[in-house]
Amino acid sequence: AGTRLSSHILSAAALRVMVSEDHFVKVRAIIKDLLERLDAQAKAESTQKSFCDTEMAKEVKGRDTQQGKVEDYEAQIEVKEAEKQQLLKDIAELSAAIAANQKALKEATDLRDKEHIENTKTVEDAGVGKDAVEHALEVLKAYYSGKSFV
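Since we're looking at a predicted model, the values are computed, not measured.

Draft legend 1. Main features of the pattern of salt bridges. Scanning the model with the defined rule gives six salt bridges in all. One salt bridge connects Asp53 with Lys49, and the closest N-O pair in it is separated by 2.8 Å. Residue Asp53 and its partner Lys49 are located together in helix 2 (residues 23-145), separated by four residues, close to a single helical turn. Judged by its relative accessible area of 51%, Lys49 falls in the exposed class. Note that Glu134 is salt-bridged to Lys130, the shortest N-O span being 3.8 Å. In this pair, Glu134 and Lys130 are both assigned in helix 2, four residues apart and thus about one turn of the helix distant. For Glu134, a relative accessible area of 37% puts it in the partly exposed group.

Draft legend 2. Local environment of the packing of aromatic side chains. What the rule picks out here adds up to one aromatic pair. Centre to centre, the rings of Tyr143 and Tyr144 are 5.0 Å apart; their planes meet at 80°, and the pair counts as edge-to-face. Tyr143 sits in the exposed class, given a relative accessible area of 53%. Overall, the relative accessible area of 48% leaves Tyr144 in the partly exposed class.

Cut-offs used in this document
- Residues numbered from 1 in each chain as written.
- Predicted model: local features only at pLDDT ≥ 70, side-chain atom pairs only at ≥ 80, totals over all residues.
- Heavy atoms only, no water.
- Salt bridge = Lys/Arg side-chain N within 4 Å of Asp/Glu carboxyl O.
- Helix = DSSP H or I, 4+ residues; strand = E, 2+ residues; numbered from the N terminus.
- Buried < 20%, exposed > 50% of the residue type's maximum accessible area, 1.4 Å probe, protein only.
- Phe/Tyr/Trp six-rings, centres within 6.5 Å; stacked < 30°, edge-to-face > 60°.

Below is the structure:
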């Protein structure tokens with residue numbers, strides 16, 4: 001029977017039964033041994049299953065926690081990418097404004113330089129005119145303050 005079922009335990013049990021004189025005592029002992037072995041195997045499997053279940057629950061919880069962190073980080077990356085795009089847009093707008101301001105500054109500087117040249121020329125002309133007026137005043141004072149007018 002043990003070889004038909006490919007069971008070493010049953011083969012060993014059958015051999016013990018054949019060898020023993022009192023078959024029922026030996027059969028009971030063998031059955032008792034088998035029950036003890038099966039009980040020990042069931043306890044071992046139960047302990048191993050309990051360990052596996054506990055470890056599996058821990059790992060699933062850890063995986064879920066890590067997955068949550070990954071999703072949080074991905075959300076943060078998306079927010080930062082949006083901020084980056086907005087900042088790049090702001091930089092482009094501000095660069096254009098700076099270029100416009102520099103152009104306006106150059107135009108204003110050129111205009112002031114031109115006006116300064118004109119003003120300098122006007123001041124020089126006024127200085128020459130002032131000198132001429134002062135000379136004319138001196139001539140007039142000399143002419144009118146002299147004895148010939150008395």
